[in-house]
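Take a look at the letters that make up each chain.
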Amino acid sequence: METEPSGARNEPGCLHEWLFRLRSVESVKGDGAGGLKQQLVFSYALVVVTSGEVQLLLDRQQVDLEQGAVCVCPPDRTFGTASMSGNSEMYVFYFDVFGRREEAEDGLGPVKEAHLFSHSGKITVYPSDELVSMCGKLFSGWRSNDKLGPFRCQIDFQELLYHIARNSRAKPDSAHAALEFAKQYIEEHYTEPLTVDRLAQMADLSPKYFGDLFKKKYGRSAMDYVAELRLTQAKRLMAQSDLRLRDIAHQVGYADEFYFSRKFKKEIGISPAAYMRSRRRKVAVYSPALLGQLLPLQIMPFAAPLHPKWTEYYYRKYRNEIPVHISAYRHHQEWEANIELLRQVPADLVLALDDISEAEKQALEKIAPVFYLPAEGADWKRQFRLLAEFLGESWQAEQWLQWYAHSMQAGKERLRQAMAGESVAVVRMLNDSLFLYCDRGMAGTLYRGLELKPAYDCGQELYDVPVTPAELGDLNADHLLLMIRQESETLGSWKRLQDDPKWQAIPAVQRHRLCFLTSDPWREYSAYAHLRMLKQAVRLLSAVRPS
């Protein structure tokens, strides 16, 4: 069993206790190339932002980083970028930590839980100029042909760690950084007694100014955010443990279990006891899109359609948390096999869209009670609210929708500054044919939500119109959003099209204002898919710059 060096857990920031070995250095730029995909690391990863703004996902926690900000990802965790501003750049240093181990022959062994600096989470280094210079020097040295370069980098990396430890500050010195600091502190300490006065004092702002800024930036007051985190954690504990209500109340920050019960019922709509009974049902999702309606409600199904291609995002992120995987490939054609699989699991409730065949409905209803949601003509928000009401999760749904609306407003303001009224058109490619395209998700996200200027207007909100490269050139869209079907025939046609003079003559092509949309999430109509559409659109379009 691995043990840490003496004092490692109780004296964070004692760098002299350990030895470090740099493994590799990576530079990531916010140039629209996709950032850094979420990855599992087996070593430590030190992330240093040297310009712009980066939203880092550390497992499921989002950390907002700006120039001079540093974050450490320990081994056996996942990290990646949720978004990067167009001018952003960050360096990732992968390294190992070694410390004293009594059972090791040489007295040294790997340490996986070393607290390297005096505080965890986001670290801000002041001033940032020297930090930027050191990272650039390290990256250049690592890539050089000098045989002694890697050895020199080991020394420079020690200098970098020393510089961060010497010049890091936990408290911010700007209003923007103050809010980020306060929000991060709330997320780490929401189970403790918190007040606006205390949070404002920590952020070095007056209580009123802090309160107004926090609500403007995050769409809710600081104390509402505290309560939301507490209730969400309480619901998670109710669903996943056998703790008594008193213990759950204490764990999430309420000393009085009766006050907690009253607040829970007021906010959630049902008593904690009734909620615990309802959440312990084993829910099976039958229609793929309904997984994207269920997850924002903080409910993990017992069974769901998962496939590494057709539901790639859900498969990659949740396959280990969902015990039973039914087929998501040609779903309606393989329904009998899915029904047979569901017969073998103890489902208490099945969720399905009402567009399935009568034979499927009859078979499902023999397994467990089925709740059908409207497939055609139902706005995703209405469908989301219907599902939440049925499951007793209306509070969670409204909290999520409020946050989504705030994210949409922030994205709209960001693109208004980045694009200055420039027009967009979505083009899909199937085999060797092009189509001007707009489905329900695009209409709601791109044009109604983000209020982008459409380059094409046929008088209808939804359309799928054949178009030639010459006609696209006449359209003169400032930006083209491309959906290229990922199969051999279409990909071959796409490769040939790029050499076509008529394609090369399109203004957006000449200016390199092309963004590629993935079918997942853009072909899915659900709450979670819309959030992912929003994030992808803002990331892609805010990163595009004229050549």
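Residues numbered from 1 in each chain as written. Predicted model: local features only at pLDDT ≥ 70, side-chain atom pairs only at ≥ 80, totals over all residues. Heavy atoms only, no water.

(A) Fine view of the sheet that holds strand β5 (residues 61-66). With antiparallel pairing, the 4 strands of this open sheet are ordered in space as β2-β7-β4-β5. A single partner strand is all that each edge strand has here, and the edge strands are β2 (39-41) and β5. Mean inter-strand twist for the sheet, computed between neighbouring axes without regard to direction, equals 30°. As paired strands, strand β4 (residues 53-58) and strand β7 (residues 77-84) are joined by 5 bridges and run antiparallel to one another. If you follow glutamine 55 over to β7, its bridge partner there is serine 83. (Pairing = 2+ DSSP bridges. Helix = DSSP H or I, 4+ residues; strand = E, 2+ residues; numbered from the N terminus. Axes fitted to C-alpha atoms, helices over the stretch in contact; angles between N-to-C directions.)

(B) Spatial organisation of the pattern of salt bridges. Counting across every chain of the model gives 24 salt bridges. Here glutamate 228 makes a salt bridge to arginine 220, at a shortest N to O gap of 2.4 Å. As far as burial versus exposure is concerned, glutamate 228 and arginine 220 are alike and both buried. Where glutamate 257 meets arginine 246, a salt bridge forms, and the shortest distance between an N and an O atom there is 3.1 Å. Pair noted here: glutamate 257 is in helix α8 (residues 257-268) and arginine 246 is in helix α7 (residues 245-251), with a separation of 11 residues, a long-range link. Within this structure, Arg21, Arg23 and Asp96 form a network of salt bridges that share partners. (Salt bridge = Lys/Arg side-chain N within 4 Å of Asp/Glu carboxyl O. Buried < 20%, exposed > 50% of the residue type's maximum accessible area, 1.4 Å probe, protein only.)

(C) Inspection of the pairing of β5 at higher detail. As paired strands, β4 and β5 are joined by 6 bridges and run antiparallel to one another. Bridging from a neighbouring strand, leucine 58 pairs with glutamine 61 of β5. Between β4 and β5, which pair antiparallel one after the other, the connecting turn spans 2 residues, and aspartate 59 there sits at a positive phi close to 55°.

(D) Spotlight on the packing of helix α1 (residues 129-143) against helix α2 (residues 149-167). The N-to-C vectors of α1 and α2 enclose an angle of 160°; their axes lie 9 Å apart at closest approach. Judged by the angle between their axes, α1 and α2 are roughly antiparallel. In this structure, α1 meets α2 at a crossing whose hand is left-handed. Facing Glu130, Leu131, Met134, Cys135, Lys137, Leu138, Gly141 and Trp142 of α1, the residues of α2 in contact are Gly149, Pro150, Cys153, Gln154, Asp156, Phe157, Glu159, Leu160, His163 and Ile164. Residue composition of the contact of α1 with α2, grouped by class: 10 nonpolar, 4 polar and 4 charged. (Parallel < 35°, antiparallel > 145°, perpendicular 65-115°, else oblique. Left-handed = near helix turned anticlockwise from the far one by under 90°. Contact = heavy atoms within 4.5 Å. Nonpolar A, V, L, I, M, F, W, Y, C, P; charged D, E, K, R; others polar.)

(E) Representation of unusual backbone geometry within the structure. Here the bond from aspartate 520 into proline 521 is cis, since omega is 25°, no more than 30 degrees from zero. Tracing the sequence through the fold places proline 521 in helix α21 (residues 519-522). Despite not being glycine, asparagine 476 shows a phi value in the positive range, around 55°.

(F) Representation of the side chain of aspartate 439 within the structure. Structurally, aspartate 439 can be placed in the loop between β18 (433-438) and α16 (440-449). The charged side chain of aspartate 439 is buried without a salt bridge, its nearest counter-charge being arginine 523 at 4.3 Å. At 3.2 Å, the side chain of aspartate 439 and the backbone nitrogen of glycine 441 are in polar contact. Not counting chain neighbours up to four residues away, the residues in contact with aspartate 439 comprise Leu462, Trp522 and Arg523. (Lys, Arg positive; Asp, Glu negative; His and termini not counted. Polar contact = N/O pair within 3.5 Å; in protein donor to acceptor, adjacent residues only side chain to side chain.)

(G) Looking closely at the environment of tyrosine 372. Tracing the sequence through the fold places tyrosine 372 in strand β16 (residues 370-373). The class for tyrosine 372 is partly exposed, based on a relative accessible area of 23%. Taking C-alpha positions, tyrosine 372 is 26 Å from threonine 232, a pair spaced 140 residues apart along the chain. Apart from the residues lying within four places of it in its own chain, the contact partners of tyrosine 372 are Ala352, Leu353, Asp354, Ile356, Lys361 and Glu365.

(H) Examining the confidence of the model for the protein more closely. Mean pLDDT over the protein works out to 86, with 92% of the residues at or above the 70 mark. Long-range and interchain partners of residues 1-12, a stretch whose pLDDT sits below 50, account for 28 contacts in this model, where long-range means more than four residues apart. (pLDDT = per-residue confidence, 0-100.)

(I) Here's a closer look at the packing of helix α15 (residues 394-419) against helix α22 (residues 527-543). As a packed pair, α15 and α22 sit with axes 10 Å apart at the nearest point and diverge in direction by 20°. In terms of their interaxial angle, α15 and α22 are classed as roughly parallel. Note that α15 runs across α22; the crossing there is left-handed. Within the contact between the two elements, α15 uses Trp400, Trp403, Tyr404, Ser407, Met408, Gly411, Arg414, Leu415, Ala418 and Met419 and α22 uses Ala527, Tyr528, His530, Leu531, Leu534, Lys535, Val538, Leu541 and Ser542.

(J) Structural context of the packing of aromatic side chains. The final tally for this structure, using the stated rule, is 25 aromatic pairs. Residues tyrosine 254 and phenylalanine 260 carry aromatic rings whose centres are separated by 5.6 Å and whose planes lie at 40° to one another, so their mutual orientation is tilted. Per residue, the accessibility class of tyrosine 254 equals that of phenylalanine 260, and both read buried. What links up through ring pairs into an aromatic cluster is the set Phe20, Tyr44, Tyr91, Phe93, Phe95, Phe139 and Phe157. In this structure, arginine 230 packs its charged tip against the face of tyrosine 254, placed 5.1 Å from the ring centre. The ring of tyrosine 313 is capped by arginine 532, whose NZ or CZ atom sits 3.7 Å from the centre of that ring. (Phe/Tyr/Trp six-rings, centres within 6.5 Å; stacked < 30°, edge-to-face > 60°. Lys NZ or Arg CZ within 6 Å of the ring centre and 35° of its normal.)

(K) Representation of α15. The end-to-end C-alpha distance of α15 is 36 Å, a good match for the 38 Å that 26 residues give at a rise of 1.5 Å each. With its phi angle positive at about 50°, alanine 420 sits one or two positions after the end of α15. (Expected span 1.5 Å × (residues − 1).)

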